[in-house]
Amino acid sequence: MRSQTSLTLAAALALAGATGCEPTCPDAPGIACRYAGTGRLGLGPDGLTPRETSIYWAMDMEFAPDGTPYFIDWNNHLIRRVNPDGRVETLVGDFVGDGAPDMADLVYPGAPGLEVQLNHPTDLDFDGDGNLIITAWHNHKLRVLDVQTGLVHVMCGRGPGFAGDGAGMMQVRFNQPNSIERADDGTLYILDQRNHRIRRIGPDGMVSTIAGTGMAGYGGDGGPPAEAQLRFEAGGNPEPSGGIELGPDGAIYFSDGLNHRIRRIDLVADRIDTIVGTGEPGYGGDGGLGTAAQINHARDVQFGPDGRLYFADTENHRVRAWDPTTQLVETVVGTGAAGAGEEGQPATEVALDRPMGIAFGPDGALYVADTLNSRYLRIPR
């Protein structure tokens, strides 16, 4: 989440109407409060506040340039938004599927969002015009929501596969793309999960692989990223695996899921290195160097306003942070025990259950997708 924009009045109202500053959950630095979701599985109707709206597993949040919050209701296959009145509205999705019944979403300008079916979207970002890019994971596509018209069209991708390198993006084929990051010049970086690659779509629409040979494995640190091996969940029906972020230094940072590492791609030097993780799944190393720390299938990665790289250490039921200056790692949310901790406590005293997503709001607060607890938590700085 790179956009640390100022809150507009509309965004401030949306956040104020959703943070739920009840006496039992003070809006105070370091205190975890439930932002969205009731904590119980369900499909809450539109028109309620986020805290009153039941969701079915949390996955990712993103904030529009004006500060408006958008979030994924993952197992309900929906993209939802918190409007300026503090009420939830569904923008994309109807039932599990792939697109509009008449396939109108395959061509621009697309089909109404509520007629476009999704199958487990995993990541969100905004383009230069303020439109929402949706990583349609199980659909093997990137979709775009025009937030002004409500229409959705397929940007690229069709069925699963691997194709398009050296060609234009209309020829690209993904195999469960899990995470996307957009650079200021319009370049897109995509973590192509079951192809075990990081791919790039340039401003000219040309496609290339920047990391990964396509063979699952581990190797290549200290050398060219295109010769390195990455390993994400594959098989017949994998879970989402990996996450990607463009750093303030222009490098690509990503969680190499089943290699239990966070790795960095220096695009100028054409070099890949591990910055967090020993490669052995587990938990350890808080207070020490990232390369000596153990992590367990980290997913989303995001730079915070303090310059640290935060990551969802999913199977350790924690969110942790790595400081690029000191190289040190620490836990910032979670106890390490799977559970549904009560809100209103310091973030490190609140139990999580397999958190998969993180984001930073325009006010600098950390938002955590506490996935199996079907809630989003907010921790002010």
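What counts, and at which threshold
- Along each chain, residue indices are assigned from 1 in the same order as the chain's sequence is written.
- Since the coordinates come from a predicted model, pLDDT governs what is reported: local features require at least 70, and pairs of side-chain atoms require 80 or more to be given and counted, while whole-chain, interface and lining totals use all residues.
- Side-chain measures were taken over the full set of non-hydrogen atoms in the model, leaving aside hydrogen atoms and water.
- In DSSP terms, a helix is any run of H or I states spanning at least four residues, a strand is any run of E spanning at least two, and both are numbered starting from the N terminus.
- Radius of gyration means the value over C-alpha atoms here, while the globule rule gives 2.2 Å times the residue count to the 0.38 power.
- Relative accessibility under 20% of the residue-type maximum defines a buried residue, over 50% an exposed one, and the middle range a partly exposed one, all with a 1.4 Å probe and only protein chains included.
- We call two residues in contact whenever any of their non-hydrogen atoms come within 4.5 Å of each other.
- The protein chains shown are the only cover counted for residues, whose accessible areas, like all others here, come from Shrake-Rupley with a 1.4 Å probe.
- The sign given to each residue is positive for Lys and Arg and negative for Asp and Glu; His and the chain ends receive no count.
- Positions of charges follow a simple convention, taking NZ of Lys, CZ of Arg, CG of Asp or CD of Glu.
- Both site types are read off a 1 Å grid over the protein atoms alone. A 1.4 Å probe that fits but cannot get out defines a cavity, while an open set with protein on both sides within 12 Å along at least five of seven lines defines a pocket; lining residues have an atom within 4 Å of a point.
- Grid points are joined across faces, edges and corners, and a volume is the space filled by probe spheres set on the points.
- Classes in brief: Ala, Val, Leu, Ile, Met, Phe, Trp, Tyr, Cys and Pro nonpolar; Asp, Glu, Lys and Arg charged; the others, Gly included, polar.
- Note on terminology: pairs of cysteine sulfur atoms within 2.5 Å are recorded as disulfides.
- Under this definition, polar contacts are N or O atom pairs within 3.5 Å; protein pairs additionally need one hydrogen-donor-capable and one acceptor-capable atom, and for neighbouring residues in sequence, both atoms have to be side-chain atoms.
- What we call a nonpolar core is a set of buried Ala, Val, Leu, Ile, Met, Phe, Trp, Tyr and Cys residues that are connected through their side-chain atoms within 4.5 Å.
- Following DSSP output, two strands are said to pair if at least two bridges run between them.
- Ring pairs are drawn from Phe, Tyr and Trp, using the six-membered ring of Trp, whenever the two centres fall within 6.5 Å, and their geometry is named by plane angle: stacked under 30 degrees, edge-to-face over 60, tilted for the rest.
- Should the NZ of a Lys or the CZ of an Arg lie within 6 Å of a ring centre and within 35 degrees of the ring normal, that charge is described as sitting over the ring.

Undergrad: Can you walk me through the overall build of the chain in this structure?
TA: Looking only at helices and strands, the chain features one helix and 26 strands. Taken over the C-alpha trace, the chain has a radius of gyration of 19 Å; the compact-globule value for 381 residues is 21 Å, and the two agree within 12%. For the chain, the spread of C-alpha atoms along the three principal axes comes to 55 × 55 × 35 Å. For the chain, buried positions account for 59% of its 381 residues. Residue pairs in contact within the chain that sit at least 24 positions apart in sequence constitute 48% of those at least 6 positions apart. Summed over its atoms, the accessible surface of the chain is roughly 13,500 Å², and 52% of this surface lies on carbon and sulfur atoms. Of the side-chain charges in the chain, 29 are positive and 50 negative, and the distance between the mean point of each set is 3 Å.

Undergrad: I'm lost on empty space enclosed by the protein in this one. Help?
TA: Taken as a whole and assessed by the stated rule, the structure comprises two cavities of 30 Å³ or more. Taken as a whole, the largest cavity spans an internal volume of roughly 100 Å³. Lining the largest cavity, in full, are Met59, Asp60, Thr122, Asp123, Asn178, Ser179, Pro240, Gly242, Gly243, Arg299, Asp300 and Met356. Breaking the lining of the largest cavity down by element, the ones donating at least two residues are strand E2 (58-63), strand E11 (177-182) and strand E19 (298-303). Of the residues that constitute the lining of the largest cavity, the class distribution is three nonpolar, five polar and four charged.

Undergrad: Please clarify how the state of the cysteines should be interpreted in this entry.
TA: Here, disulfide denotes a covalent bond that connects the sulfur atoms of two cysteines. If you walk through the whole model with that rule in mind, you get one disulfide. Here Cys25 engages in a disulfide with Cys33; their sulfurs sit 1.8 Å apart. What sets the handedness of the Cys25 and Cys33 disulfide is the S-S torsion sign, and at about -125° it is left-handed. The class for Cys33 is buried, based on a relative accessible area of 7%.

Undergrad: Can you walk me through unusual backbone geometry in this structure?
TA: Where the residue is not glycine, phi is negative for most of them; where a peptide bond is considered, it is trans in most cases. With omega at 10°, the peptide bond leading from Tyr108 into Pro109 counts as cis. Counting through the fold element by element, Pro109 comes out in the loop between strand E5 (88-92) and strand E6 (111-112). In the Ramachandran plot, His140 falls in the positive-phi region, its phi being about 60° despite a non-glycine side chain. The topology assignment puts His140 in the loop between strand E8 (132-136) and strand E9 (141-145).

Undergrad: Explanation requested: the environment of Leu258 in the structure shown.
TA: Take Leu258: it is sitting in the loop between strand E16 (252-256) and strand E17 (261-266). With residues near it in sequence (within four places) discarded, Leu258 still touches Arg231, Phe232, Glu233 and His297.

Undergrad: I would appreciate a short explanation of the side chain of Asp313 in the present structure.
TA: Relative to the helices and strands, Asp313 is located in strand E20 (residues 309-313). A distance of 2.9 Å separates a polar side-chain atom of Asp313 from the backbone nitrogen of Asn296. In this structure the side chain of Asp313 is engaged in a polar contact, spanning 2.9 Å, whose partner is the side chain of Asn316. Look past the residues within four positions of Asp313 in its chain and what remains in contact with it is Gln294, Ile295, Asn296, Ala298, Arg318 and Arg320.

Undergrad: Whenever I open this one, the nonpolar core confuses me. Can you help?
TA: Judged by nonpolar contacts, the single largest core of 34 residues is most densely connected at Met61, Ile79, Val92, Leu132 and Tyr376. Mapped onto this core, the elements with two or more residues apiece are strand E1 (31-36), E2, strand E3 (69-73), strand E4 (78-82), E5, strand E7 (123-126), E8 and strand E25 (366-370). For this core, the leading source of residues is E2, giving four residues. Beyond its immediate chain neighbours, meaning those up to four positions away, Val92 contacts His77, Leu78, Ile79, Gly113, Leu114, Val116, Leu118, Ile134, Leu145 and Val152.

Undergrad: I would appreciate a short explanation of the sheet that holds E25 in the present structure.
TA: Strand pairing within a sheet occurs via backbone hydrogen bonds; the two strands may be parallel or antiparallel. Reading across the sheet, the five strands line up as E23-E1-E26-E25-E24 and stay open at both edges, with antiparallel pairing between neighbours. The open sheet has two free edges, formed respectively by strand E23 (345-346) and strand E24 (357-360), since each of these has just one partner strand. With three bridges connecting them, E1 and strand E26 (residues 375-379) associate as antiparallel partners. Following the sheet pairing, Arg34 is matched in E26 by Leu377.

Undergrad: Is there a simple way to think about the packing of aromatic side chains in this case?
TA: The tally for this structure, following the rule as stated, stands at nine aromatic pairs. Between the aromatic rings of Phe63 and Tyr367, the centroid separation amounts to 5.1 Å while the plane-to-plane angle is 55°, which identifies the pairing as tilted. Of the two residues, Phe63 is situated in strand E2 and Tyr367 in strand E25; the sequence distance between them amounts to 304 residues. We classify Phe63 as buried; its relative accessible area is 2%. An aromatic cluster of three or more residues is present, and its members are Tyr56, Trp57, Trp74 and Trp137. Against the face of Phe162 rests Arg197, its NZ or CZ located 3.8 Å from the ring centre. For Arg261, the ring lying beneath its charged end belongs to Tyr218, and the centroid distance is 3.8 Å.

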